[in-house]
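A look at the structure
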Amino acid sequence: FWDSFGDKDFGLKIVAPVAGLFFTLGTIAQYYSLSLDKDELVKTTGTVEWIGEITEHGTSWNKYYPLIISLKDQQEQFRLKDNFKYRFEDLKKKIQFGDNLTVYTRTKVQTILGWGQQLDVFHIERGSEVLFDINWMKSNKQDQMEFFGLFSVISWLLFGGYFYKRRNEAKAAVIKTERQQ
């Protein structure tokens, strides 16, 4: 296996199908997240104790700045991903300490199937007022699904092209051998 790293076809032979599988699973995960409705999510109601942005470290060179909402009598902190950073200021103006909010997140199974973190916010309400609409999250998941889907198709086409080329080379070798006999 390790000797194949020098092989010019390594990327097509090994990397393309692994990437194709990853991107295909990502596409399925985002599609699943798109299918969720508010009624299927975990509903947590409480009084706002704290709201603000924090720094989370992804990889050594990548940082995230989600909006965190803490509710009284809840050990968990709810996280609105920084993909929605453009909505943070408006939310911080609308949500005050002491407000009674209902935050909707995914179950553990929904999180595993849909990729992400369990306490990622999908919907926020204050009384009957919607502060963060689940459709905004669904739009984000749609964009992610299209990204994963595009790279899935590209990866599988590259692998398919490699496989087709190798098959044709093998057929040509058989024909050449038969002609020499």
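As a starting point, this report considers the structure included with it. (Residues numbered from 1 in each chain as written. Predicted model: local features only at pLDDT ≥ 70, side-chain atom pairs only at ≥ 80, totals over all residues. Heavy atoms only, no water.)

**Quick word on the side chain of lysine 141**
Summarising the element assignment, lysine 141 is placed in helix H4 (residues 134-180). Buried charge without a partner: lysine 141 forms no salt bridge, and the closest opposite charge is aspartate 120, 5.8 Å away. Not counting residues up to four positions away in its chain, the partners in contact with lysine 141 are Gln30, Ser33, Leu34, Lys81, Arg106, Gly114, Trp115 and Phe122. (Helix = DSSP H or I, 4+ residues; strand = E, 2+ residues; numbered from the N terminus. Buried < 20%, exposed > 50% of the residue type's maximum accessible area, 1.4 Å probe, protein only. Lys, Arg positive; Asp, Glu negative; His and termini not counted. Salt bridge = Lys/Arg side-chain N within 4 Å of Asp/Glu carboxyl O. Contact = heavy atoms within 4.5 Å.)

**Quick notes on the side chain of serine 152**
In this fold, serine 152 is placed in helix H4. In contact with serine 152, not counting residues within four places along its chain, are Gly20, Phe23, Thr24 and Thr27.

**Some remarks on the packing of aromatic side chains**
Following the criterion strictly, the structure yields 14 aromatic pairs and no others. When the centroid spacing of 5.9 Å and the interplanar angle of 50 degrees are considered together, the rings of phenylalanine 23 and phenylalanine 148 count as tilted. Residue phenylalanine 23 is found in helix H1 (residues 10-34), and its partner phenylalanine 148 is found in helix H4; the two are separated by 125 residues along the sequence. Here phenylalanine 23 and phenylalanine 148 have matching classes, each one buried. One aromatic cluster is present, built from ring pairs that chain together Phe22, Phe23, Trp115, Phe147, Phe148 and Phe151. Over the aromatic face of tryptophan 136 sits the side chain of arginine 87, whose NZ or CZ is 3.5 Å from the ring centroid. (Phe/Tyr/Trp six-rings, centres within 6.5 Å; stacked < 30°, edge-to-face > 60°. Lys NZ or Arg CZ within 6 Å of the ring centre and 35° of its normal.)

**Some remarks on a nonpolar patch on the surface**
There is a patch of nonpolar side chains on the surface, built from Phe147, Leu150, Phe151, Ile154 and Leu158 and spanning about 440 Å² of accessible area. Checked against the element boundaries, leucine 158 lands in helix H4. On the basis of relative accessibility, which here comes to 44%, the residue leucine 158 falls in the partly exposed class. (Patch = residues over 30% accessible without salt bridge, like charges linked within 9 Å, V, L, I, M, F, W, Y side chains within 5 Å. Areas by Shrake-Rupley, 256 points an atom, 1.4 Å probe, with all protein chains shown as cover.)

**Considering the nonpolar core**
Counting residues in hydrophobic clusters, the biggest one holds 23 residues, and the most contacted among them are Leu80, Ile95, Leu101 and Phe132. Secondary structure elements with two or more residues in this core: strand S1 (42-53), strand S4 (67-71), strand S5 (77-80), helix H2 (85-94), strand S6 (100-105), strand S8 (129-132) and H4. Sequence-distant contacts of leucine 80, that is, excluding residues within four places in its chain, are made with Pro66, Leu67, Phe88, Leu91, Val121 and Phe132. (Core = buried A, V, L, I, M, F, W, Y, C linked by side-chain atoms within 4.5 Å.)

**Some thoughts on the sheet that holds strand S7 (residues 123-126)**
Reading across from one edge, S5-S4-S1-S6-S7-S8 is the order of the six strands in this open sheet, with antiparallel pairing throughout. Here the strands that pair on one side only, and so sit at the sheet edges, are S5 and S8. Recorded for the sheet is a direction-independent mean angle of 45 degrees between the axes of neighbouring strands. The sheet contact formed by S6 and S7 spans three bridges and is antiparallel. Note on S7: the bridge partner recorded for threonine 102 is glutamate 125. Along the sheet, H2 contacts S1, S4, S5, S7 and S8; its crossing angle with S1, the most-contacted strand, is approximately 95 degrees. (Pairing = 2+ DSSP bridges. Axes fitted to C-alpha atoms, helices over the stretch in contact; angles between N-to-C directions.)

**Focus on the packing of H1 against H4**
Close contact between H1 and H4 brings their axes to 7 Å; oriented N to C, the two are set at 155 degrees. Comparing the axis directions of H1 and H4 gives the class roughly antiparallel. The chirality of how H1 crosses H4 is left-handed. Its residues assigned to classes, the contact of H1 with H4 comprises 17 nonpolar, 11 polar and three charged. (Parallel < 35°, antiparallel > 145°, perpendicular 65-115°, else oblique. Left-handed = near helix turned anticlockwise from the far one by under 90°. Nonpolar A, V, L, I, M, F, W, Y, C, P; charged D, E, K, R; others polar.)

**Describing the environment of valine 15**
Counting through the fold element by element, valine 15 comes out in helix H1. Valine 15 gets classed as partly exposed once you look at its relative accessible area, which sits at 43%. In sequence terms valine 15 and glutamine 77 are 62 residues apart; their C-alpha atoms lie 38 Å from each other.

**Topic: the pattern of salt bridges**
Throughout the structure, instances matching the rule amount to nine salt bridges. In this structure, glutamate 125 engages lysine 38 in a salt bridge whose closest nitrogen and oxygen atoms are separated by 2.6 Å. In this pair, glutamate 125 is assigned in strand S7 and lysine 38 in the loop between H1 and S1, connecting sequence segments 87 residues apart. Residue class for glutamate 125 comes out buried when judged on its relative accessible area of 11%. What you see here is one network of salt bridges that share partners, running through Glu53, Glu89 and Lys92.

Just geometry here; none of it tells us what the structure is for.
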